[in-house]
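Structural description and commentary
Listed below are the residues making up each chain.
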Amino acid sequence: MSKAIRIHAHGGPEVLTYEDADPGQPGAGQILIRHTAIGLNFIDVYHRSGLYPPPGGFPLVPGGEAAGVVLGVGKGVEWLKPGDRIAYAVTTGAYTQERVIDASRVVKVPDGISDEQAAAMMLKGMTAEYLLRRTFKVKAGDTILFHAAAGGVGLILGQWARYLGATVIGTASSSDKIELAKDHGFDHVINYKEQDFVAGVAAITDGRKCDVVYDSVGNDTFPASLDCLRPLGMFVSFGQSSGPIPPFSMSLLAQKGSLFATRPTLFVYNAKREDLEASAAALFEVVLSGAVKIKINQRYALKDVGRAHSDLEGRRTTGTTILIP
């Protein structure tokens, strides 16, 4: 019998239960897959804790990123066959050994990229893609600030942003994380526990500040992130690991320099099949070129996902973590 992680109520890591789960058979437009690796992301914590409501209610199978092998295809699926390697990023349902999923939400994994790499990079890598190439189109000469530089998205985005020719500034909480970020494209990394990052950015840029700030931290970095932006700069809030940003007056953006602010999500940016394919293709291209390297820093068995969540929330992980079904 296939196994899955389910939650039946919101709570801490202890609500993640390892249970039998029959995936069923694929219907029209669907495929049955066997996972070989599953990505761990902070959005999984949001679904578990209740910060984000469970799509479809309880019980909920968390997890939005995985790679695997096609076991069977439903009617109308002609571009995939059993044995094909695939990967995806969706909202939930990945914490399983096997699952049925709409074929329209997966992409084929090209030769040269392992299943573990694919599982580790689909959600995080396509997030980096839309942030850099669509939310704010980073170009050579731009200066960016990225909070949580040693996190999964940060280690991909730092390399990609340098490849695009930007000056890349990050924040991190320890000397180890600072060195890790510098090894992944960041030109400067500020230890926000020891230094005011607003003053640090001003010093690094000689007072010119940044064109864009990418902030997945939320409460702890707002509104200071706005003070790192030059006039007409863009504040991009794409997560809230420290808690949500409190309500604020739009006039604050005017006071800080006629700033732009947005709260994007990957699933809106890649809602159309053509956008998903283009995003994945761009990600695969930079990884295969060697410009962006995908390293797995932690591995946990799927049944030990509670420990993985505890380590993630406790900031005891760096970069990318995967679960082994």
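Structure: above.
Turning next to the sheet that holds strand 11 (residues 210-215). With parallel pairing, six strands are arranged side by side in an open sheet as 10-9-8-11-12-13. Since the sheet does not close on itself, it has two edges, and those belong to strand 10 (188-191) and strand 13 (260-262), each with one partner. Recorded for the sheet is a direction-independent mean angle of 15° between the axes of neighbouring strands. Those strands touched by helix 2 (residues 115-135) are strand 11, strand 12 (229-237) and strand 13, and its axis lies near 145° from that of strand 12. Strands strand 9 (167-172) and strand 10 of the sheet are contacted by helix 4 (residues 175-182), whose axis makes an angle of about 165° with strand 10.

Counting buried positions over the six residues of strand 9 gives five, a clear majority of the element. Pairing of strand 9 with strand 10 involves four bridges; the strand directions are parallel. Paired with A172 across the strands is N191, a residue of strand 10. As a crossover connection, the stretch from strand 9 through helix 4 into strand 10 is right-handed.

The next thing to look at is the packing of helix 2 against helix 8 (residues 273-289). At a minimum axis distance of 9 Å, the contact between helix 2 and helix 8 shows a crossing angle of 100°. Judged by the angle between their axes, helix 2 and helix 8 are roughly perpendicular. Every residue of helix 8 that contacts helix 2 at M121, M122, G125, M126, E129, R133 and R134 is listed here: D275, L276, S279, A280, A282, L283, F284 and V287.

With that out of the way, let us pick up empty space enclosed by the protein. Once rolled over the atoms, a probe with the size of a water molecule shows which space is left empty. Applying the stated criterion across every chain yields a total of two cavities of 30 Å³ or more. Considering only enclosed or pocket space, the largest cavity measures out at about 70 Å³ in volume. Lining the largest cavity, in full, are G152, L155, I156, Q159, L180, H184, K293, I294, K295, N297 and T320. Top element by residues in the lining of the largest cavity is helix 3 (residues 152-163). It accounts for four residues. By residue class, the composition of the lining of the largest cavity is four nonpolar, five polar and two charged. Of the voids in this model, the second largest cavity is the one considered here, and its volume is about 30 Å³. Its residues placed into classes, the lining of the second largest cavity shows five nonpolar, one polar and one charged.

Conventions and cut-offs
Residues numbered from 1 in each chain as written. Predicted model: local features only at pLDDT ≥ 70, side-chain atom pairs only at ≥ 80, totals over all residues. Heavy atoms only, no water. Pairing = 2+ DSSP bridges. Helix = DSSP H or I, 4+ residues; strand = E, 2+ residues; numbered from the N terminus. Axes fitted to C-alpha atoms, helices over the stretch in contact; angles between N-to-C directions. Contact = heavy atoms within 4.5 Å. Buried < 20%, exposed > 50% of the residue type's maximum accessible area, 1.4 Å probe, protein only. Right-handed = clockwise from strand over helix to strand, strands pointing away. Parallel < 35°, antiparallel > 145°, perpendicular 65-115°, else oblique. 1 Å grid on protein atoms, 1.4 Å probe; cavity = no way out; pocket = protein on both sides within 12 Å on 5 of 7 lines; lining within 4 Å. Points joined across faces, edges and corners; volume = space filled by probe spheres on them. Nonpolar A, V, L, I, M, F, W, Y, C, P; charged D, E, K, R; others polar.

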